[in-house]
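# Remarks on the overall topology
Read off the chains here:
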Amino acid sequence: MATPTSNLRIFPAPDQLCRAAAAQIAQMISGHQGQRFRLALSGGRTPEALYRILATEYATEIPWGKVELFWGDERYVPHDHPASNAAMVRRSLLDHINIPANQVHPIPTGAGNPASDAAAYQQTLQACAETEGELLRFDLLLLGMGDDGHTASLFPGGDWLAERAAWAVASRAPVPPHGRITLTFPMLNAAHHTMILVTGEAKQQVLQEIFANPTAAASRYPIAMIDPQGEVHWLVDSAAWPEAAHR
Ligand code: 6PG
């Protein structure tokens with residue numbers, strides 16, 4: 001995994017981090033030459049604050065009509081369940097911006113079988129790919145990092161980490177909701193830009209290991225296993241990266 005500190009920015013608090021992320025996202029979308037800007041969203045608490053900023057301060061500044069939204073992972077619950085990433089994005093972002101419904105692609109969870117819904121999502125992704133048979137390359141992929149070093153719903157120790165053919169698979173989380181659907185490493189690594197948002201003291205240990213010894217970390221932590229073709233931007237708050245801890 002490339003963890004160049006040149007692409008590492010540290011912020012005093014989550015709010016500053018989310019404001020900087022929002023500004024960078026707005027700049028990337030507005031400056032994008034292509035017809036569509038393909039943005040893959042992360043779940044979790046940190047990005048929810050970012051989405052609220054995008055929904056308020058950038059509701060009209062970002063040309064949402066050229067954005068196509070995808071999800072990096074989903075909890076296997078109904079889309080109106082409190083733990084749903086689709087529900088979180090709807091209440092924090094989609095209910096406040098004008099984006100064509102056919103450009104919003106939540107991960108389905110209605111088949112009663114995560115593997116079936118993962119396969120259905122792969123078909124959606126393939127239909128959106130520029131070139132048939134080639135991976136869909138997100139213009140920007142948002143990722144978080146769990147306290148255990150997971151990212152999306154690629155949790156440590158599962159066979160989903162070895163998946164190199166499917167674009168989306170079922171996985172399981174050690175915490176409820178246990179059922180998950182996640183994009184696989186080939187999809188994550190195909191992104192042109194990857195923005196990893198990390199906040200909170202609980203992430204310190206893993207972050208310290210990743211930046212101290214990326215190779216060793218890549219044998220333990222899924223976030224350290226990603227090796228995107230494009231640029232990786234780490235946005236970290238000082239609780240997760242205290243200067244003192246990294247002298
Ligand atoms: C999810 C996310 C997950 C998240 C990390 C970090 O569905 O929960 O995709 O991978 O990014 O758990 O979450 P926080 O940003 O809330 O710490």
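Structure shown above.
A short tour of the structure in this document, coming up. Every value quoted in this text rests on a predicted model; they were computed, and no experiment measured them.

## Section: the pairing of strand E3 (residues 67-71)
The element E3 is largely enclosed, with a buried count of 5 among its 5 residues. As paired strands, strand E2 (residues 37-41) and E3 are joined by 5 bridges and run parallel to one another. Among the inter-strand pairings, Phe 37 is bridged to a residue of E3, identified as Val 67. With respect to chirality, the unit in which E2 leads through helix H2 (residues 45-57) into the neighbouring parallel E3 is right-handed. Relative to strand E5 (residues 104-105), E3 runs parallel, the two being bridged by 2 bridges. Considered in E5, the bridge of Leu 69 is made with Val 104.

## Quick word on the site of the ligand
As a structural note, the neighbourhood of the ligand is formed by 16 residues, with Arg 45, Asp 73, Arg 75, Ala 152 and Lys 203 the closest of them. Within the backbone of Gly 43, an N or O atom sits 3.4 Å from an oxygen atom of the ligand. Contact with the protein chains removes 92% of the 420 Å² of surface that the ligand exposes when unbound. Among the cavities detected, the one that contains the ligand is the largest pocket. Counting only elements with at least two residues in the shell around the ligand, the list comes to H2 and strand E4 (73-75). With 3 residues, the top contributor of residues to the shell around the ligand is H2. Class assignment for the residues of the shell around the ligand results in 3 nonpolar, 9 polar and 4 charged.

## Examining the sheet that holds strand E6 (residues 140-144)
Pairing in this open sheet of 7 strands is parallel, and the strands run E1-E10-E9-E6-E2-E3-E5 from one edge to the other. The open sheet has two free edges, formed respectively by strand E1 (8-11) and E5, since each of these has just one partner strand. The pairing of E2 with E6 spans 2 bridges and is parallel. In the strand pairing of E6, Ala 40 is matched with Leu 141.

## Quick word on the side chain of Thr 194
Looking at the secondary structure, you find Thr 194 in strand E9 (residues 193-198). Discounting residues that sit within four places of it in the chain, Thr 194 has contacts with Leu 140, Leu 141, Leu 143, Leu 188, Ile 226, Pro 228, Glu 231, Val 232 and His 233.

## Things to note about the environment of Leu 41
Locating Leu 41 in the fold gives a position in strand E2. Judged by relative accessible area, which is 1%, Leu 41 ranks as buried. Leu 41 sits 32 residues away from Asp 73 along the chain, and the two C-alpha atoms are 8.2 Å apart. For Leu 41, the residues in contact, after removing those within four places along its chain, are Tyr 51, Leu 69, Phe 70, Trp 71, Gly 72, Val 89 and Leu 142.

## Observations regarding helix H3 (residues 85-92)
The buried fraction of H3 is high, at 6 of 8 residues. Along H3, the residues that are buried comprise Asn 85, Ala 86, Ala 87, Met 88, Val 89 and Ser 92. Packed against the buried residues of H3 are E2, H2, E3 and E4. The opening residue of H3, the one whose side-chain oxygen lies 3.1 Å from the backbone nitrogen of Ala 86, is Ser 84.

## A few points about the layout of surface pockets
Once rolled over the atoms, a probe with the size of a water molecule shows which space is left empty. Of the voids in this model, the largest pocket is the one considered here, and its volume is about 500 Å³. Lining the largest pocket are 26 residues; nearest its centre among them are Gly 43, Gly 44, Arg 75, Gly 146 and His 150. Residue assignment for the lining of the largest pocket shows that the elements contributing at least two residues are H2, E4 and E6. In terms of residue count, the dominant contributor to the lining of the largest pocket is H2 (3 residues). Here the residues of the lining of the largest pocket are counted per class, giving 10 nonpolar, 9 polar and 7 charged. Each pocket or cavity is described by its volume, and for the second largest pocket that value is around 230 Å³.

What counts and how
- Residues numbered from 1 in each chain as written.
- Predicted model: local features only at pLDDT ≥ 70, side-chain atom pairs only at ≥ 80, totals over all residues.
- Heavy atoms only, no water.
- Buried < 20%, exposed > 50% of the residue type's maximum accessible area, 1.4 Å probe, protein only.
- Helix = DSSP H or I, 4+ residues; strand = E, 2+ residues; numbered from the N terminus.
- Pairing = 2+ DSSP bridges.
- Right-handed = clockwise from strand over helix to strand, strands pointing away.
- Near = heavy atom within 4 Å.
- Polar contact = N/O pair within 3.5 Å; in protein donor to acceptor, adjacent residues only side chain to side chain.
- Areas by Shrake-Rupley, 256 points an atom, 1.4 Å probe, with all protein chains shown as cover.
- 1 Å grid on protein atoms, 1.4 Å probe; cavity = no way out; pocket = protein on both sides within 12 Å on 5 of 7 lines; lining within 4 Å.
- Sits in = over half its atoms within 2 Å of the grid points.
- Nonpolar A, V, L, I, M, F, W, Y, C, P; charged D, E, K, R; others polar.
- Contact = heavy atoms within 4.5 Å.
- Points joined across faces, edges and corners; volume = space filled by probe spheres on them.

Geometric descriptors of this kind do not, in isolation, establish any biological role.
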